[in-house]
Amino acid sequence: MVATMYDLIIVGAGPAGLTAGIYAARYGLETLVLEQSAVPGQISVANVIENYPGFISTSGKELMSRFREHALANGIAIKKADVKKVEDVAGKKIVLTHDEELYALAVIVATGANPKLLGVPGERKLLGKGVSYCATCDAAFFADQEVLVIGGGESAVTDALILSGIASKVYVAHRRDSLRACKVLQQRAFMKDNIEFIWDSVVEEIIGEEAVEKVIMKNVKTGEMTEKNVEGVFIYVGINPNTGIVELEKNDNGFIITNEKMETSVKGIYAAGDCRVSPLWQVVTAVADGAVAAISVQEYVTDLKLMR
Ligand code: NAP
């Protein structure tokens, strides 16, 4: 039996992947979307989404089920598969899953990213009940309340700045006494009256029954333990992009580098959504990436077929 040569295989069935699928189907590309079988994407675990236009308030689960329904209505095939590797062999794209080898003219990598967990008691229990990894998504729920940001990188400082416009007080706990974030962001944060840095400190436990009530912190230099009453805890201790399956040009943190057409360093392989270097990782940017990637694939595949 001759193996199917798809026009396009999309790895990932989140907002970027499914949008790419919808656009690709409408361009008449023979497309297969591969959906990871076990681990849910970030969107699926978002309890409330209030910044995706057209939906005043929805959940990640609801939004994803609508995206999925939309993709299926356009005739897209979605298959559960754990992808182990994406390779380019003499221009042919090979997608290796846990149990088969698939072939395509082009591949869109839309595998997303996951925030690193802090790994302290209370973090999982209070996720969506005061614990968050995204101020752009959740800051509005903390109007005039006191919140704690954990981390000293760009995400922590960027989101502390967002929170400072909404919350009454923003504490930033960092495990050292200087920030990793760029100088411009640091200066902006230092100028805010309602942002207070708590240096050399780590959070040992997040406490609350139905919602976050307080945290227990430890000063790593003195060993002193303190409690702080806050209603929100925003955790930014790094992001893991799911990009280990493919060898492409990436930044130091493993995010795939693309141009504005979502082209990567390998011809015919595209990246879209949270797995690529971007100034913003949101549903709205992921769907835009997916649409752009699909258009780029359509051009690429049309040219390939003309050359045959
Ligand atoms: P990051 O740069 O890896 O920073 C993580 C921060 O968390 C560091 O300050 C680190 O402390 C701290 N940390 C790590 N593990 C910890 C632990 N167990 N307990 C307490 N603190 C811990 O991650 P990020 O800020 O999410 O940034 C990731 C990437 O996205 C970067 O490339 C960044 O430039 C990019 N980004 C860009 C923008 C933008 O505006 N363009 C915005 C956000 C992010 P140490 O400093 O001591 O290591």
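Below: a short report on this structure. Remember, it's a predicted structure, so these values are computed and weren't measured experimentally. (Residues numbered from 1 in each chain as written. Predicted model: local features only at pLDDT ≥ 70, side-chain atom pairs only at ≥ 80, totals over all residues. Heavy atoms only, no water.)

1. Looking at the overall build of the protein
- Along the backbone of the protein there are 6 helices and 17 strands.
- Its C-alpha radius of gyration of 21 Å places the protein within 12% of the 19 Å reference for a compact globule of 308 residues.
- Along the first, second and third principal axes, the C-alpha set of the protein runs to 70 × 35 × 35 Å.
- Within the protein, buried positions represent 47% of all 308 residues.
- Of the contacts formed within the protein by residues at least 6 apart in sequence, a portion of 59% connects residues at least 24 apart.
- For the protein, the accessible surface area stands at approximately 15300 Å², while carbon and sulfur atoms represent 51% of it.
- For the protein, the centre of its 31 positive side-chain charges and the centre of its 39 negative side-chain charges are spaced 3 Å apart. (Helix = DSSP H or I, 4+ residues; strand = E, 2+ residues; numbered from the N terminus. Rg over C-alpha atoms; globule rule 2.2 N^0.38 Å. Buried < 20%, exposed > 50% of the residue type's maximum accessible area, 1.4 Å probe, protein only. Contact = heavy atoms within 4.5 Å. Areas by Shrake-Rupley, 256 points an atom, 1.4 Å probe, with all protein chains shown as cover. Lys, Arg positive; Asp, Glu negative; His and termini not counted. Charge placed at Lys NZ, Arg CZ, Asp CG, Glu CD.)

2. So, the packing of helix α4 (residues 154-164) against helix α5 (residues 183-191)
- At a minimum axis separation of 10 Å, α4 and α5 run at an interaxial angle of 35 degrees. Note that α4 runs across α5; the crossing there is left-handed. Every residue of α5 that contacts α4 at E154, V157, T158 and L161 is listed here: L185, Q186, R188 and A189.
- Its residues placed into classes, the contact of α4 with α5 shows 4 nonpolar, 2 polar and 2 charged. (Axes fitted to C-alpha atoms, helices over the stretch in contact; angles between N-to-C directions. Left-handed = near helix turned anticlockwise from the far one by under 90°. Nonpolar A, V, L, I, M, F, W, Y, C, P; charged D, E, K, R; others polar.)

3. Structural notes on the layout of surface pockets
- In this structure, the second largest pocket occupies an estimated 170 Å³ of space.
- Along the walls of the second largest pocket sit 13 residues, with E263, K267, Y270, S296 and Y300 positioned nearest its centre.
- Top contributing element to the lining of the second largest pocket by residue count: helix α6 (residues 283-307), with 6 residues.
- Here the lining of the second largest pocket is composed, by residue class, of 5 nonpolar, 3 polar and 5 charged. (1 Å grid on protein atoms, 1.4 Å probe; cavity = no way out; pocket = protein on both sides within 12 Å on 5 of 7 lines; lining within 4 Å. Points joined across faces, edges and corners; volume = space filled by probe spheres on them.)

4. Structural notes on the sheet that holds strand β15 (residues 232-235)
- Read across the sheet, 5 strands follow the order β8-β15-β9-β10-β11 without closing on themselves; strand pairing throughout is parallel. In this open sheet, the two edge strands, each paired with only one partner strand, are β8 (131-132) and β11 (195-198).
- Across 4 bridges, strand β10 (residues 169-173) lies against β11 in parallel orientation. Opposite A173, over in β11, you have I198 as the bridge partner.
- Seen against the sheet, α4 touches β9 (146-150), β10, β11 and β15 and runs at an angle of roughly 170 degrees to β9. (Pairing = 2+ DSSP bridges.)

5. Description of the environment of I22
- Within the secondary structure layout, I22 lies in helix α1 (residues 15-26).
- Judged by its relative accessible area of 11%, I22 falls in the buried class.
- With 31 residues separating them in the primary sequence, I22 and P53 have C-alpha atoms 18 Å apart.
- When near neighbours in sequence (up to four residues on either side) are disregarded, I22 contacts F67, H70, A71, N74 and I76.

6. Focus on the side chain of E35
- Along the chain, the position of E35 falls in strand β2 (residues 31-35).
- The class of E35 is buried, set by a relative accessible area of 14%.
- Among the polar contacts listed, one links the side chain of E35 to the side chain of R68, at a separation of 2.9 Å. (Polar contact = N/O pair within 3.5 Å; in protein donor to acceptor, adjacent residues only side chain to side chain.)

7. Details of unusual backbone geometry
- The phi dihedral of D144 falls on the positive side, at around 60 degrees, and the residue is not glycine.
- Mapping D144 onto the fold places it in the loop between α3 (135-138) and β9.
- The class of D144 is exposed, set by a relative accessible area of 64%.
- For M262, which is not glycine, the phi dihedral falls at a positive 70 degrees.
- Position of M262 relative to the elements: it lies in the loop between β16 (239-241) and β17 (269-271).
- Given the relative accessible area of 4%, M262 is considered buried.

8. Considering the packing of aromatic side chains
- Overall, the coordinates contain 8 aromatic pairs when judged by the stated rule.
- Measuring from ring centre to ring centre gives 5.9 Å for Y52 and F67, while their planes differ by 70 degrees; the resulting arrangement is edge-to-face. Of this pair, Y52 sits in the loop between β2 and α2 (60-73) while F67 sits in helix α2, and the two are 15 residues apart along the sequence. Pair check on accessibility: Y52 and F67 agree, each one buried. (Phe/Tyr/Trp six-rings, centres within 6.5 Å; stacked < 30°, edge-to-face > 60°.)

9. Points about the sheet that holds strand β12 (residues 201-207)
- Spatially, 3 strands are ordered β12-β13-β14 in an open sheet, and the strand pairing comes out antiparallel. Each of the sheet's edge strands pairs with one partner strand only, and the pair in question is β12 and β14 (225-229). Within the sheet, the average angular offset between the axes of one strand and its neighbour, ignoring direction, is 30 degrees.

10. Some details on the state of the cysteines
- Following the criterion strictly, the structure yields 1 disulfide and no others.
- Residue C134 pairs covalently with C137 via a disulfide, S to S 2.1 Å. Its torsion about the S-S bond being 80 degrees, the disulfide of C134 and C137 is classed as right-handed.
- Of the cysteine sulfurs around C182, a residue in no disulfide, the closest is that of C134, at 18 Å. (Disulfide = S-S within 2.5 Å.)

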